[in-house]
Amino acid sequence: MKKILRITGIIIVILALLVGAVAAAFSPYMRRVAEKSFPQTDGEIQLPGLTAPVDIYRDQYGVPNIYAQNQHDLFFAQGYVHAQERFWQMDFWRHIGAGRLSEMFGESQVDTDTFLRTLGWRRVVEQEWAAMSPEARAIFEAYTEGVNTYLSGRSGEEISLEYAVLGLLTPDYAPDPWQPLDSLTWAKAMAWDLRGNLGQEIERAVLSKTLTPEQLADLYPPYDYERQPVIVPHPVLEGVSGGAGGAAIPQNALPLLESLATQTAALDSLVGPSGDGIGSNSWVVSGDKTATGYPLLANDPHLGIQMPSIWFEIGLHCIERSADCPFDVVGFSFAGVPGVVIGHNDRIAWGYTNTGPDVIDLFIEKINPDNPNQYEYNGQWVDMDVLHETIRVGGGDPVDVTVRYTRHGPIISDAYGPLKDHPDPTATPFRERAGIDLPENYAIAIRWTALEPSCVFCAILGLNTAQNFDEFRQAASEFAVPAQNLLYADVDGNIGYQMPGRVPIRKHGDGRMPVPGWTDEYEWDGYIPFEQLPYAFNPDEGYIVTANNPVVGPDYPYLITADPTYGYRAERIVEMLNAAPGPLDIAAYQKMQMDDYSGNAAFLVPVVLEAAPDTPALETARQLWTDWDYQQTVDSAPAALFEAFWNHLLTRTFHDDLPEAYWPSGGSRWWEVVRHLAENPASLWWDDQSTPAVETRDQMFAAALEDAVQELRDRLGKDPSQWRWGDLHAATFRNGTLGESGISIIEDLFNRGPFPVGGGKAIVNATGWTATEGYEVDWLPSMRMIADLSDLSNSVDIHTTGESGHAYHPNYIDMASMWATGKYRPMLFTRPQVEAAAAHHIRLTP
């Protein structure tokens, strides 16, 4: 969204407004405008649509607990509260899901909308809504009523400050009423964010053009099952695996894949980064290992940094629980969606980490050169399904979009901007772009489980009311996509795990490369049956750890993914659990969640200190790294030097060998790549191709150290003892739209920070950064939760910014410092506890 407002018209308007005294008064004026949208949180409000009074208590952090006499009113009130606090976020998210960003932000978003319309998330959720049970529909309808009751009669600036600013760009924009479909589309956005190995599939295919198979293998090392853990070590299952192997990619199709990489990156800028490092931590231990004798469950999902937080904490309570109103649950919700996504009820607690199964395949389709709406399949030309849509553009003319479907899914190569404008989207642009002749025409279709109807939020509502492990698994069976590692604990002392999701069984291929679509050899042959998906219940180890590491070992009979996340965080969590000096308690869990230990530094530092030639830079490294414990704390000088060294080592080693789009990001895969290359000091990867000499590993170490020391002297001062990792590595929370406008006075209204932090990529305290972009945090533990099953009212949590989505509200940024420094707040649950901590109480009446 960095270009979303960088257009001449709005800049002229802003400059006109900010001349002289007007500029000095702008921020105070906008603060007063913002206050118009602050929600009423005390007193009484009469609302049409309610059937009985509803009480809402908010604590000092603005976290609401809702008490209702029936299910309809409970979810009506949740919709009302979400709209009170976060409607701009909800509105923005639904425009992503429906491919309607251009309505809000003008022609700059037409290409992104075209890609989103091509994926067809909205078309899929229309099918999901039609198939949804009456009971689930009633919840979504009640929620929608609550949202729209709040919106009714309010102007844009009375809803959120962003609408006042947006009026300068698209003065005719006004938010539409909410629909249940708007809630459902958010599951598709999250599925995209957690989609698995699509980026690696494209990257591997493009790099195959210039690298040998051996070089590609260097960049994608295998998972070390002896060194790093799996989640379920001993599955006992019977089945048949998908076939191995793949097919050569037609060289003429490679430009299509390069184009797709550009478009997927654009969508990632909206939804959040994906790929290496994005994930989560969650672990649970049995009562045999805790001070209370009951389980403790921890969860911290790692997602892209945003303002406001992706999470909205809430409690949903039926005053008298019954089959008609079974909810008594607290935890973290998505604004725009009913229910609690992660949290606990009165009997069980649960958490998520991303499984990362390979649920996307790219199919290379042969297109009929005489008819671009036909493709070849098993020797026959087959007609595509062709759809036509219109994108409305704020301040501009509508844009017509054509979407073409093969048996595998939508053709997404049409949606790449430079191609879609050509009269024949399957032909000549590739000759111009790649400098090659195309004897045959190709296109790229996507098959993805998220483009098939499911009901993930039905699963979430089932988790909200589950009372035992069997009911937990029953709810999990509906969790189709994005597949998550679901962790479980209950008040009876049980712990458990379930991997859900639709994971395809492939006839041939392992999902690592695009495959031919003109034959049935690479089709999917159904999904792994739920009964065959890995699970665990009270394992002998007394703990279960999920940190995006592989679920099972190589003997499992089905392919989950050929591109697992490397297990550095899981390895460290297991190490801390096994090394615990005594029974574990909440304080021990808090320390674990904030652990800053770098497995990368622990491996590389001794190698560098022993191998690098003596230089002044190496002497600086010796001073800082000798006796370092490899904890990358916020005030650590050794960490600052190590991460700068790591950044420069990646630059010097790989930038001369790889296309810029595939330069290393620096996460766990690259830890593993360099770990392997370090064992071969003469590997040609170490050679700098810009010089006539042939450099070795040790020369690269020395050069990268020199670069790092010079960078830190320039940025942090000449005294290495005063360098601080947090002075390089900080979290700035930016509004995903107006906060990245390029206009500082607008950005200052919405953005907050920086907040210096410790941690880093592939560290338990997973404050990620991207090596090609600097040290600033770009993804992070989006919340931290610790559930105490001995007494659920003792549970604690924190999320990143605050409950409110309203700039200048007291609860807009009040959690950020606590989050950055490892502090927590009580996760209020019982009604006496909630009422005792209440700072605000409002009653909604019919």
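All values derive from a computational prediction rather than experimental measurement.

Chemist: Looking at this structure, I do not really get helix α23 (residues 668–677). What am I missing?
Modeler: For an α-helix, the turn length of 3.6 residues means that residues three or four places apart are oriented alike. Across the 10 residues that make up α23, a large majority, 8, are buried. Listed as buried for α23 are Ser668, Arg669, Trp670, Trp671, Glu672, Val673, Val674 and Leu677. Next to the buried residues of α23 lie α11 (198–207), α12 (213–219), α18 (568–579), α20 (599–611) and α22 (637–654).

Chemist: Would you explain helix α17 (residues 469–476) in this entry?
Modeler: Those residues of α17 lying buried are Phe469, Phe472, Arg473, Ala475 and Ala476. Buried positions in α17, seen along its axis, are confined to an arc of 160° and lie on one side of it. Opposite the packed face of α17, turned more than 90 degrees from it, sit the exposed residues Asp470 and Gln474. Where the residues of α17 are buried, they touch β9 (348–354), α16 (456–465), β17 (484–490), β18 (495–498) and β22 (535–537). In this structure Asn468 caps α17, since a side-chain oxygen of it lies 3.2 Å from the backbone nitrogen of Asp470.

Chemist: Sorry if this is basic, but what is going on with the sheet that holds strand β14 (residues 399–406) here?
Modeler: Neighbouring strands of a sheet are bound in pairs by backbone hydrogen bonds; such pairs are parallel or else antiparallel. Read from one edge of the open sheet, 3 strands run β13-β14-β15, paired in antiparallel fashion. The sheet is open, and its two borders are formed by β13 (385–391) and β15 (409–410), each paired with just one other strand. With 7 bridges connecting them, β13 and β14 associate as antiparallel partners. Bridge pairing links Thr390 to Asp400 in β14.

Chemist: Teacher, can you tell me more about the state of the cysteines here?
Modeler: A covalent bond bridging the sulfur atoms of two cysteines is what the word disulfide describes. Tallied over the entire structure, the rule returns 2 disulfides. The side chain of Cys318 participates in a disulfide bridge whose partner is Cys325; the two sulfur atoms lie 2.0 Å from each other. On the sign convention where negative means left-handed, the S-S torsion of about -85° between Cys318 and Cys325 marks this disulfide as left-handed. With respect to class, Cys318 is no different from Cys325; both count as buried. Across the disulfide, Cys455 is cross-linked to Cys458 (sulfur-sulfur distance 1.8 Å). Because the sign of the S-S torsion sets the handedness, a value of about 55° for the bond joining Cys455 and Cys458 places this disulfide among the right-handed ones. This pair shows no difference in class: Cys455 is buried, exactly as Cys458 is. Within the chain, bonded cysteines paired by disulfides and numbered along the sequence follow the pattern 1-2, 3-4.

Chemist: I keep staring at unusual backbone geometry and nothing clicks. Help me out?
Modeler: Most peptide bonds adopt trans geometry, and most residues besides glycine take a negative phi value. In this structure, the amide linkage connecting Met307 to the following residue, Pro308, adopts the cis form with an omega of -5°. Within the secondary structure, Pro308 sits in the loop between β5 (296–304) and β6 (312–318). Cis geometry marks the peptide bond from Val481 to Pro482; its omega dihedral reads 0°. Within the fold, Pro482 resides in the loop between α17 and β17. One non-glycine residue, Asn378, lies in positive phi territory at about 50°. Along the chain, Asn378 falls in the loop between β11 (371–377) and β12 (380–383). On the basis of relative accessibility, which here comes to 40%, the residue Asn378 falls in the partly exposed class. Despite not being glycine, Tyr630 has its phi angle at roughly 65°, a positive value. With respect to the element layout, Tyr630 can be found in the loop between α21 (616–625) and α22.

Chemist: I tried to follow the pattern of salt bridges on my own but got confused; where do I start?
Modeler: Oppositely charged side chains may form a pair once their charged atoms are brought near each other. Summed over the entire model, instances satisfying the criterion amount to 37 salt bridges. In this structure, Arg512 engages Asp510 in a salt bridge whose closest nitrogen and oxygen atoms are separated by 2.8 Å. Of the residues examined, Arg512 reaches a relative accessible area of 34% and is grouped as partly exposed. We note a salt bridge from Glu835 to Arg831, for which the minimum N-O separation is 2.8 Å. Pair noted here: Glu835 and Arg831 are both in helix α28 (residues 831–836), with a separation of 4 residues, about one helical turn.

Cut-offs used in this document
Residues numbered from 1 in each chain as written. Predicted model: local features only at pLDDT ≥ 70, side-chain atom pairs only at ≥ 80, totals over all residues. Heavy atoms only, no water. Buried < 20%, exposed > 50% of the residue type's maximum accessible area, 1.4 Å probe, protein only. Helix = DSSP H or I, 4+ residues; strand = E, 2+ residues; numbered from the N terminus. Contact = heavy atoms within 4.5 Å. Arc of directions from axis to C-beta. Polar contact = N/O pair within 3.5 Å; in protein donor to acceptor, adjacent residues only side chain to side chain. Pairing = 2+ DSSP bridges. Disulfide = S-S within 2.5 Å. Salt bridge = Lys/Arg side-chain N within 4 Å of Asp/Glu carboxyl O.

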